[in-house]
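An overview of the molecular structure
The residues making up each chain are set out below.
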Amino acid sequence: MSPSLTAESGVRTPADVPLGPTLRVVMETFVYDDAIVRKFVCATVVWGLVAFLVGLIVALELVVPSIVNYTTAAGTRPFGFLSFLVGTEFLTFGRLRPLHTNAAIFAFAGNSVFAAVYYSTQRLCKARMWSDVLSRLHFWGWQLIIVCAAVTLPLGFTQGKEYAELEWPIDLLIAVVWLGFFGTNFFMTLARRRERHMYVALWFYIATIVTVTLLHVFNSMAIPAGWLKSYSVYAGVQDAMMQWWYGHNAVAFFLTTPFLGMMYYFMPKAAERPVYSYRLSIVHFWSLIFVYIWAGPHHLHYTALPAWASTLGMLFSIMLWMPSWGGGINGLLTLRGAWHKVTDDPVLKFFVAGVTFYMMSTFEGPMLSIKSVNMLSHYTDWTIAHVHSGALGWNGLMTFGMIYWLSPRLFQARLHSRKLAEWHFWLGTLGILLYVVPIYVAGITQGLMWRAFDQTGNLQFPDFVETVVRLMPFYWSRIVGGTLFLAGAVLMTYNVARTWMARPGTYEEPVQSAPALTPAKFERPKFVSRLTANVEVGHRGDVWLQSFFDGWWHRAWERTPSKFILWAIVAVVSGSVLEVVPMFVIRSNVPSIASVQPYTPLELAGRDIYVAEGCYNCHSQMIRPIWAETKRYGEYSKPGEFVYDHPFQWGSRRIGPDLAREGGQKSNLWHVLHLQDPRQSVEQSIMPAYAHLLEQPLDFDAIQRHVRAQAMIGVPYGEAVKEGKAAAMAREQAETIAADIAKADGPKGLEGKKVVALIAYLQRLGTDISRPPPPSPSPSPPAALAPSSGSRRPS
Amino acid sequence: MSVQSPGPLSSHEYDGIREYDNPTPGWWYAILTATVVFSAVYFVFWHASVAGWSIHDSWEDDQRAEYARIFGAVGQLKPDEASILAQMGNPKFMNIARATFIGNCASCHARDGGGDVGVNLCDESYKNVVKIEDLFRVITDGANGGAMPSWKNRLSDNERVILASYVASLRGTTPARAKAPEGQPIPPWPRPAAPVATPPAPK
């Protein structure tokens, strides 16, 4: 602990002014709050196990259907007992996958970030957290959010937007806990710091807190339609734009920037080496946060999103490569001269591998954002492999390294076993490789199969399930990899628990001391023009350039959190505004189609079921204008088709086929039988069974409320908003569908069941565009919408 | 803390962490600049110049090329008895129609036409078909109140003609699992009037 603010050795930047002899130094004493860090570390360990376990379960759910019906010669079904995994409504892939992603991102990575922030911020600021009460409220509030997620998601309460599934009351709680408790506590600690300058880790924490607040608030805008039901205020193309602005920047500002902050603190600590380059940290920090915010639309290449937005998403992703790598090289080069330590120290092994995975993912990300690469990779497992090399490799390994470094310090006992930590490292790393490598192969395999044509010009694999069956060996390997990764985490849990058991009776709380910050004027360095010619403009320019490249101004910002925060806000808001706002105000981005009408009340109820069951986790609703795709699914999707889709359901992965044009393709009875047990219709299907939809009654009374909520956000429901009208309309349509099913010798008495609503919705999907436009007061519909040209298929 | 590597240390120290004042590597700036320049050129080329084209343009090119390749030589096929019978003998068209069948019809009628939710297409009984051209009509307009959907908007006229031929050719084949006959037995398809018309040129 050095109270000195003066330079000790090396080169001084002009900004550092030694305290003058006349200034009286007031020493203050304080104690760091490590109890809160212990809490967050424990939560990280526990939620990590949960997230990895649920991940393993959902991975299992993709292979189990292929073995449950396996029958031995003796006629027994040895794997039949596993069918509960694909037949229980609360455990289906569609409901558990959001639980897995939320647990991994917000519970595991979130608590890990908080542990890092609470430990390092106090030390970097030479101050205890501003408020112990807020620290505790933050901790318990966040755990409450996670528990709420763990309860509501399997029950099917969801907003239907990836990584933003939690319903509106939980969203409000997140906003309060994140900004009200965490943000306030953090910023007040900055304000009360005893260290003049803010270290680079703190910059990343600032960017994190500011940006996650913005992302969460704007993406989660929804109109409640009940205590646990709401509709996104955005629809279709605009909702997609908001969602991936959020989704991509959740990766950026929840899984990247805080972890870079973590790296900047714990890596030099563990290596006991100075950080490689201060200047690099400045340029890569600002370029990273400015560029990252634009990259979201690369999740929507070739969709109904306007091409200019998609291009911006791609280009900013490419420009993001170096800003991302700046962090990686600053981390790895910090180890210059200390590589021998890596062989001995498991903590450094985790950090080195973690940063390496970071650099691989941040190279791969820009590559996947290139449109022609994305054409192949989009909707495939390639994306899944990519995010897991980031999540397991970067977030996971960095977290483990941090926990092994922190445990002896927090629990004030020697780490129980270094050897087990080494084992964890190798198990984890091997687990990641056994996961991601086969899943890359699976992604590329499926992508190529989808686009393969035979010599006659037909799809080589017209039957979608053929492309699924081919993936099973890779999915098994993923399970092996995931098990190894989980086994490593179990070893860590044991190791940390044993370390905790060896803790002293009472923790030592060393009293720190540091001088209070006194107002000290920042002395701007003076620059003299190096030019000889006597041109005033030239001199000024030269002075300005020298001044800019000297970087003294950044040193000044580091002393003034308010200024720093302001510039961080400018950096992330400018990109957001420039990219998102035109999507809302320029009408040509979403040309309207007269024949596209709101869903009927029953179809809306069916859509709610589609969202609740998480169908979007496996089925896209977006046909790209690619020949192989229109050949398989029909006419490509138009922006105007989604104007009543609150929320949009384009999806991001095709574990099952696209459903954008599902309407009218199959009979109602086929849907009933298929939902009841997909394997009686498609033998090799891996879809869960939805037999419960044939039994559970549809809540007709809720439909009125839902229709009204939709009307409030601008869906022209007309008559249907009148009391009782929506339910009556829904009942009428349900009876027609149920009668049709009964007539075809299907199950009888379905008119009051959920399944008819879902079928009504599925039969509507993608059909509006080929309908004649409704009669309207205008004399003639626009020519482009005449029924004959509604279809662009050759005729 | 020993300092072994070259590079000047800055005066900064935070909780024992120090920073070198190393310059940002030159290659870092070089690549960043290259990506920025590339991006500017790319954006202007594709969105602000006459040279660029859209994915929709490419799709339409594909469509024209594909249509010309398959049907270019035959023009518009007539959905009548003679034409449907004639196409049954055209192996190229039957291959194409088979893929259409697997992609669109197999989910209800089974891959080999043996029937599942939809009727068995391999037996001698038909529900809505008496003459061979009725196959085209049912495919086009649907039947049984939409249980058999209409494919008018999903498949082109020619595609539906050769699909009708393909379905007609399934009659009399032996499926893996045959659904019980539905509807009435109908007379066999007429024989083609003449040997198969000259098959279309490969181009």
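Rules and cut-offs
Residues numbered from 1 in each chain as written. Chains lettered and ligands numbered in written order. Predicted model: local features only at pLDDT ≥ 70, side-chain atom pairs only at ≥ 80, totals over all residues. Heavy atoms only, no water. Helix = DSSP H or I, 4+ residues; strand = E, 2+ residues; numbered from the N terminus. Rg over C-alpha atoms; globule rule 2.2 N^0.38 Å. Buried < 20%, exposed > 50% of the residue type's maximum accessible area, 1.4 Å probe, protein only. Contact = heavy atoms within 4.5 Å. Areas by Shrake-Rupley, 256 points an atom, 1.4 Å probe, with all protein chains shown as cover. Lys, Arg positive; Asp, Glu negative; His and termini not counted. Charge placed at Lys NZ, Arg CZ, Asp CG, Glu CD. Buried area = accessible area lost by both parts, 1.4 Å probe. Salt bridge = Lys/Arg side-chain N within 4 Å of Asp/Glu carboxyl O. Axes fitted to C-alpha atoms, helices over the stretch in contact; angles between N-to-C directions. Left-handed = near helix turned anticlockwise from the far one by under 90°. Nonpolar A, V, L, I, M, F, W, Y, C, P; charged D, E, K, R; others polar. pLDDT = per-residue confidence, 0-100. Core = buried A, V, L, I, M, F, W, Y, C linked by side-chain atoms within 4.5 Å. Expected span 1.5 Å × (residues − 1). Patch = residues over 30% accessible without salt bridge, like charges linked within 9 Å, V, L, I, M, F, W, Y side chains within 5 Å. Phe/Tyr/Trp six-rings, centres within 6.5 Å; stacked < 30°, edge-to-face > 60°. Lys NZ or Arg CZ within 6 Å of the ring centre and 35° of its normal.

A count of helical and extended segments in chain A gives 31 helices and four strands. Its C-alpha atoms give chain A a radius of gyration of 29 Å, within 12% of the compact-globule value 28 Å for 795 residues. Along the first, second and third principal axes, the C-alpha atoms of chain A reach 95 × 75 × 60 Å. Looking at chain A as a whole, 63% of its 795 residues qualify as buried. Pairs at least 24 apart in sequence give 80% of the contacts found in chain A among residues at least 6 apart. Summed over its atoms, the accessible surface of chain A is roughly 29300 Å², and 66% of this surface lies on carbon and sulfur atoms. Averaging the locations of the 65 positively and 53 negatively charged side chains of chain A gives two centres separated by 8 Å.

A word on the overall build of chain B. When its secondary structure is counted, chain B shows seven helices and four strands. For chain B, the sequential pattern of α-helices and β-strands runs β-β-α-α-α-α-α-β-α-α-β. Its C-alpha radius of gyration of 32 Å places chain B more than 25% over the 17 Å reference for a compact globule of 203 residues. Each of the three principal axes of chain B carries a C-alpha extent, and together these read 100 × 45 × 30 Å.

To continue, consider the interface of chain B and chain A. As a measure of interface size, the accessible area lost when the parts come together is often cited. Between chain B and chain A, the residue contacts involve 65 residues of the former and 86 residues of the latter. Between chain B and chain A lies a buried interface of about 6700 Å² when both sides are counted; carbon and sulfur atoms form 58% of it. Where chain B touches chain A, the interface holds four salt bridges. Of the charged contacts, one joins Lys269 of chain A and Asp15 of chain B as a salt bridge, the two residues approaching to 3.2 Å between their closest N and O atoms.

Further remarks concern unusual backbone geometry. Residues apart from glycine generally show negative phi values, whereas peptide bonds are mostly found in trans. Residues and elements named next belong to chain A. Of the consecutive residues His646 and Pro647, the connecting peptide bond is found in the cis state with omega at -5°. Its location among the elements puts Pro647 in the loop between helix H24 (627-633) and helix H25 (668-676). The phi torsion at Tyr163 lies on the positive side, around 65°, for a residue other than glycine. Mapping Tyr163 onto the fold places it in the loop between helix H5 (132-152) and helix H6 (168-191). Phi at Tyr379 takes a positive value of approximately 70°, unusual for a residue other than glycine. In this structure, Tyr379 sits in the loop between helix H15 (371-377) and helix H16 (381-411).

Residues and elements named next belong to chain A. Contact geometry of helix H10 (residues 278-292) with helix H12 (residues 321-333) gives a least axis separation of 8 Å together with a crossing angle of 145°. As for how H10 packs across H12, the hand of that crossing is left-handed. Each of Leu280, Ser281, His284, Ser287 and Leu288 in H10 lies in contact with H12, whose residues at this interface are Pro323, Ser324, Gly326, Gly327, Ile329 and Asn330. When its residues are assigned to classes, the contact of H10 with H12 shows four nonpolar, seven polar and no charged.

Right, let's get into the pattern of salt bridges. Residues and elements named next belong to chain A. Evaluated as defined, the whole model comprises 41 salt bridges over all chains. A salt bridge links Asp239 to Lys161; its shortest N-O distance comes to 2.6 Å. Taken together, the residues span a long stretch of sequence, with Asp239 in helix H8 (residues 236-254) and Lys161 in the loop between H5 and H6 at a distance of 78 residues. Under the relative-accessibility criterion, Asp239 is labelled buried at 0%. We note a salt bridge from Arg607 to Asp645, for which the minimum N-O separation is 3.3 Å. Taken together, the positions of Arg607 in helix H23 (residues 601-612) and Asp645 in the loop between H24 and H25 put the pair 38 residues apart, joining distant regions of the chain. The pair formed by Arg607 and Asp645 is uniform in burial state, with each residue classed as buried.

Moving on to the confidence of the model for chain B. Residues and elements named next belong to chain B. Residue-level pLDDT values for chain B average 86, and 91% of them are 70 or greater. A low-confidence stretch, residues 1-5 stays under pLDDT 50, and its non-local contacts, those more than four residues away or across chains, total 13 contacts. Here the predicted complex carries an ipTM of 0.89, next to a pTM of 0.89.

It is worth spelling out the nonpolar core at this point. Residues and elements named next belong to chain A. The biggest cluster of nonpolar side chains holds 190 residues, and the ones touching the most others in it are Trp142 and Phe266. With 18 residues, the single largest contributor to this core is helix H4 (residues 93-125). Excluding anything up to four places from it in sequence, Trp142 contacts Phe106, Asn111, Phe114, Leu137, Ile174, Val177, Trp178 and Phe254. Among the nonpolar cores identified, the runner-up in size contains 51 residues, and Leu693, Ala726, Ala727 and Leu762 belong to it.

A few words now on the environment of Pro149 of chain B. Tracing the chain through its elements places Pro149 of chain B in the loop between helix H6 (132-141) and helix H7 (157-170). What makes Pro149 of chain B buried here is its relative accessible area of 8%. Separated by 42 residues in sequence, Pro149 of chain B and Arg191 of chain B have C-alpha atoms that sit 29 Å apart. Setting aside residues no more than four positions away along its own chain, Pro149 of chain B makes contact with Gly664, Gln665 and Lys666 of chain A together with Val138, Ile139 and Gly142 of chain B.

This part is about helix H7 (residues 200-219) of chain A. Helix length check: H7 of chain A (20 residues) gives 28 Å between terminal C-alpha atoms against 28 Å at 1.5 Å per residue, within 8%. Of all 20 residues in H7 of chain A, 17 are buried; the element is thus mostly enclosed.

A separate point is a nonpolar patch on the surface. On the surface, Val577, Val581, Phe584, Val585 and Ile586 of chain A cluster together into a nonpolar patch covering about 410 Å² of accessible area. Locating Phe584 of chain A in the fold gives a position in helix H22 (residues 561-585).

Let us look at the packing of aromatic side chains. One pass over the structure, following the stated rule, counts 73 aromatic pairs over all chains. Note on Tyr265 of chain A and Phe266 of chain A: the rings are 4.9 Å apart at their centroids and 80° apart in plane angle, and the pair reads as edge-to-face. For the pair Phe266 of chain A and Trp405 of chain A, a centre-to-centre distance of 5.5 Å together with 75° between the ring planes defines the contact as edge-to-face. In this pair, Phe266 of chain A is assigned in helix H9 (residues 257-271) and Trp405 of chain A in helix H16, connecting sequence segments 139 residues apart. With a relative accessible area of 0%, Phe266 of chain A lands in the buried category. Among the aromatic residues, those joined into a cluster by ring pairs are Trp203, Phe204, Tyr264, Phe285, Trp286, Trp544, Phe548, Phe549, Trp553, Trp557, Phe564 and Trp567 of chain A. Over the ring of Tyr636 of chain A we find Lys638 of chain A; its NZ or CZ atom is 4.0 Å from the centre of that ring. Here Arg171 of chain B stacks its cationic end above the ring of Trp189 of chain B, 4.5 Å away from the centre of that ring.

Glancing now at the packing of helix H1 (residues 35-63) of chain A against H16 of chain A. Residues and elements named next belong to chain A. As a packed pair, H1 and H16 sit with axes 10 Å apart at the nearest point and diverge in direction by 145°. Between H1 and H16 lies a crossing whose hand is left-handed. Across the interface between the two elements, Val37, Arg38, Val41, Thr44, Val45 and Phe52 of H1 pack against Thr399, Phe400, Ile403, Leu406, Leu410 and Phe411 of H16. Residue composition of the contact of H1 with H16, grouped by class: nine nonpolar, two polar and one charged.

The next point concerns the confidence of the model for chain A. If pLDDT is low for a region, its predicted coordinates should not be looked at in detail. Residues and elements named next belong to chain A. Residue-level pLDDT values for chain A average 92, and 94% of them are 70 or greater. For residues 1-17, every residue scores under 50 in pLDDT, and the model assigns this stretch 41 contacts once sequence neighbours within four places are set aside. Here residues 778-795 is modelled with pLDDT under 50, and outside its nearest four sequence neighbours on either side it reaches 33 contacts, counting other chains as well.

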